Amino acid sequence: MDSLIAKADAIAPLAQNRKGKQKSKEKEKKSDSTLQSVAKRTSVPRSLQNLPVPDNVPKHSHIANRKLRTLLHRQSEHNARSKTLLDDADMLLMDEAGKIEVEGEMERTWRTTQADITAAAGQEAARGRKEFKLDGGPYQCRYTRNGRHLAIVGRKGHVATFDWQTGTLHSELQLQETCRDITFLHDHSFYAVAQKKHVFIYDRDGVEIHKLKAHIEPTRLEFLPYHWLLASIGNAGYLKYQDTSTGELLVEHRTKLGACNAMTQNVHNAVIYLGHQNGCVTLWTPNLPHPAVQLLAHLGPVVDVSVDPSNGGRYMATAGRDGTVKVWDCRNWKGAVRDWTVRGTGVTELEWSARGFLATANGGQVNIYTPPTVHTTVNTRAPPALYITHPIPHRPLSSIRFAPFQDVLTIGHAAGLSSILVPGAGQPNYDSTEADPFENKKARREREVRGLLDKVKPDMITLDPEFVGSLAPPSKLTTETTFDGKPSVETPFARLPRLERLKVSGHADETEEMDEDDAADDGEDKAEKKRLKEKRKMRGRNKSLKRYLRRQRANVIDPRTVAIRAKLEKQQEEKRKARLAKEGEDDGAQQPSALDRFRRK
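Residues numbered from 1 in each chain as written. Predicted model: local features only at pLDDT ≥ 70, side-chain atom pairs only at ≥ 80, totals over all residues. Heavy atoms only, no water.

Per an unreviewed UniProt entry, the protein chain goes by U three protein 7 and derives from Amanita muscaria. Reading the Function (unreviewed entry) entry of the UniProt record for the protein chain gives the comment "Involved in nucleolar processing of pre-18S ribosomal RNA." (UniProt positions renumbered as here; feature names shortened; annotations may be inferred.)

This is the structure:
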């Protein structure tokens, strides 16, 4: 490429003295058509061109030393040129995302077919348009974080993992039982499959590594990459977190809402979103035994939930069995931002892309909507403006997934998988320290070790991730107090005694002032009351054994209660005998009563 650029005279050649060489080069340019095509579309970056010196460069003429003056002038010119080239340094980070552009007002983007998009796209981009015809459907699919590897699982037990860009097959299994979901772990070296009874973990070669017996009848799986947690939900209604680095079952939450078939995660704060059969959507974290948020989203069962990753998890989309799709604002939960009814029957699948494109699959059709129309509030239940639509005759459509860093949408259906092109849906700029599509074996090992060292504790998962690590807010009210002539100190309002808090707030009754004698008597009374309180502590009705006996039902004869009562009576009798022995009286002798004088002798 450098030689072609040089031959195309993109860089101005040095002055040549011989005219023969110039004429021969001009003939060579005219004769080579490939060279001419490259020359028309090629230019040297501005950083390699001789840009004019800006006018505002200081001259440093007041410095007498000529060598130092020249050096400072050269540095000033370099700094001025660097400032002018700052705009060109961000060539890939474009502000406007590329999408399909129409030529007139009457033209619609959704009329463009996949054949037209594939023909207009480049050779590398057109490779994303693929059709996989398989027999074990309907299929579920899942990509790795770098978007290089794809894992698929069929309902009948067909499992396969491969590099979808090069076509390299890693493993292929026939499990001969019902499989409901699949997900990669920290990378493509391990993946988990939600099979009929339990969750199984396999390595890249398809060898079974673990059998997670605690995850019973799983339906959906999610992996939290920064916490190394595998989350599963099943027919029993238990949300379970498994630590894949240590192998222990971290926690399990009983949702109390029955079987669950809709599950996703918010990549911004690692909160799990569940959709239940009674129309509720719940948000869960490992450190809370109850849902952090519970929302009644639909009047029927919730079939799918998805969270928008483009704006920090601000918007959530839900789909119900009644064929409605709703978009929610996760900041206030005051109602759906937008809702509409999809055409067709069956389960509706949802998926957000990295740039906020919402894809819905229902019946035999896939529809893609673009922001900001999908976030705009309207009074009617009309659907947003359609961007791209693609019909698929193979029903049912069981899953849809956007490929990371690619404009590719993969749809799983009864006859296999279909990958279509969605221009502008993918995020082309990636962070190689987080997810690198071109990493080698050494880089993958280093990233795995670094991920283990930087593993985040599950207790830090909250709805607001910015809360962790923030400073505590200052006290609302501080007062200056003095103690026995000591200098005054600022004490928070919450730490003041009750009387002091009443005085500061202005609710204390200071009309009557006690003299010193009354104050001393009051202090003695308080000390006496405190001593009597300590003396009577844990006696009478407040004793723990008495409280336990009061809880028992009086009309039920329990052997344990009878035994405890007998033991209590025995202890009381022993205490009475000990007290009489201490007083020097005979245990058998009875004390004379007042009526003994009237008895006959």
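Novice: What is the right way to look at the overall build of the protein chain in this model?
Specialist: On a plain count of helices and strands, the protein chain comes out with 12 helices and 30 strands. Every one of the 601 residues in the protein chain was classed for burial, and the buried ones make up 36%. Within the protein chain, contacts between residues at least 6 apart in sequence are counted, and of these 45% link residues at least 24 apart. (Helix = DSSP H or I, 4+ residues; strand = E, 2+ residues; numbered from the N terminus. Buried < 20%, exposed > 50% of the residue type's maximum accessible area, 1.4 Å probe, protein only. Contact = heavy atoms within 4.5 Å.)

Novice: I tried to follow the sheet that holds strand β21 (residues 336-341) on my own but got confused; where do I start?
Specialist: Each strand in a sheet pairs with another by means of backbone hydrogen bonds, the pair being arranged parallel or else antiparallel. An order of β18-β19-β20-β21 is seen for the 4 strands of this open sheet, with the pairing classed as antiparallel. Two strands bound the open sheet, and with one partner strand each, they are β18 (302-307) and β21. Across the sheet, the axes of successive neighbouring strands diverge by a mean angle of 15 degrees, strand direction being ignored. One ladder, built from 5 bridges, connects strand β19 (residues 315-320) with strand β20 (residues 324-329); its direction is antiparallel. Of the residues in β20, the one forming a bridge with Ala 319 is Val 325. (Pairing = 2+ DSSP bridges. Axes fitted to C-alpha atoms, helices over the stretch in contact; angles between N-to-C directions.)

Novice: Explain the nonpolar core to me, please; I cannot follow it from the model alone.
Specialist: Soluble globular proteins tend to pack their nonpolar side chains together in the buried interior. In this structure, Ile 152, Val 366, Ile 368, Leu 409, Ile 411 and Val 422 are the most contacted members of the largest nonpolar core, which totals 29 residues. Ile 152 has contacts with Leu 134, Tyr 139, Gln 140, Cys 141, His 158, Val 159, Ala 160, Phe 162, Ile 182 and Leu 417, leaving out every residue within four places of it along the chain. If you look at the next biggest cluster of nonpolar residues, it comprises 27 residues, including Ala 231, Ile 272, Ala 297 and Val 307. (Core = buried A, V, L, I, M, F, W, Y, C linked by side-chain atoms within 4.5 Å.)

Novice: Help me understand the sheet that holds strand β5 (residues 168-174), please; the structure alone is not making it clear to me.
Specialist: Across the sheet, 4 strands lie side by side as β2-β3-β4-β5; this open sheet has antiparallel pairing. Where the open sheet ends on each side, the last strands, each with one partner, are β2 (139-143) and β5. Taking the axes of each pair of neighbouring strands and ignoring which way they run, one obtains an average angle of 10 degrees across the sheet. Relative to strand β4 (residues 158-163), strand β3 (residues 149-154) runs antiparallel, the two being bridged by 5 bridges. Bridge pairing in β4 links His 149 to Asp 163.

Novice: What should I look at first to understand a nonpolar patch on the surface in this one?
Specialist: Taken together, Met 460, Phe 467 and Val 468 make up a surface patch of nonpolar side chains, about 290 Å² in accessible area. You can see Val 468 is positioned in the loop between α8 (441-453) and β29 (478-481). Given the relative accessible area of 35%, Val 468 is considered partly exposed. (Patch = residues over 30% accessible without salt bridge, like charges linked within 9 Å, V, L, I, M, F, W, Y side chains within 5 Å. Areas by Shrake-Rupley, 256 points an atom, 1.4 Å probe, with all protein chains shown as cover. Salt bridge = Lys/Arg side-chain N within 4 Å of Asp/Glu carboxyl O.)

Novice: Quick question: what am I supposed to make of a positive patch on the surface here?
Specialist: Positive charge collects at one region of the surface, where Lys 196, Lys 197, Lys 211 and Lys 213 lie side by side. Structurally, Lys 197 is set in the loop between β7 (190-195) and β8 (199-203). Residue classification places Lys 197 among the exposed positions, given a relative accessible area of 56%. (Lys, Arg positive; Asp, Glu negative; His and termini not counted. Charge placed at Lys NZ, Arg CZ, Asp CG, Glu CD.)

Novice: Looking at this structure, how should I read helix α12 (residues 559-583)?
Specialist: A turn of α-helix holds 3.6 residues, and therefore any two residues three or four places apart point the same way. Compared with the 36 Å implied by 1.5 Å per residue over 25 residues, the 37 Å span of α12 between its first and last C-alpha is a close match. Taken as a whole, α12 has its buried residues at Thr 561, Leu 568 and Leu 580. (Expected span 1.5 Å × (residues − 1).)

Novice: Looking at this structure, I do not really get the pattern of salt bridges. What am I missing?
Specialist: Side chains carrying opposite charge are able to pair once their charged atoms draw close together. With the rule as written, the count across this model stands at 16 salt bridges. Among the salt bridges present, the one from Arg 81 reaches Glu 77, with a minimum N-O distance of 4.0 Å. Separated by 4 residues within a single helix, Arg 81 and Glu 77 lie in helix α4 (residues 66-84), roughly one turn from each other. In this structure Glu 77 comes out as buried when scored by relative accessible area, which is 17%. A salt bridge links Glu 222 to Arg 142, with the shortest nitrogen-to-oxygen separation between them at 3.8 Å. With Glu 222 in strand β10 (residues 218-224) and Arg 142 in strand β2, the pair connects residues that are 80 residues apart, well separated along the chain. On the accessibility criterion, Glu 222 (5% relative accessible area) is buried. With a relative accessible area of 8%, Arg 142 lands in the buried category. Salt bridges sharing common partners tie together Arg 142, Asp 181 and Glu 222.

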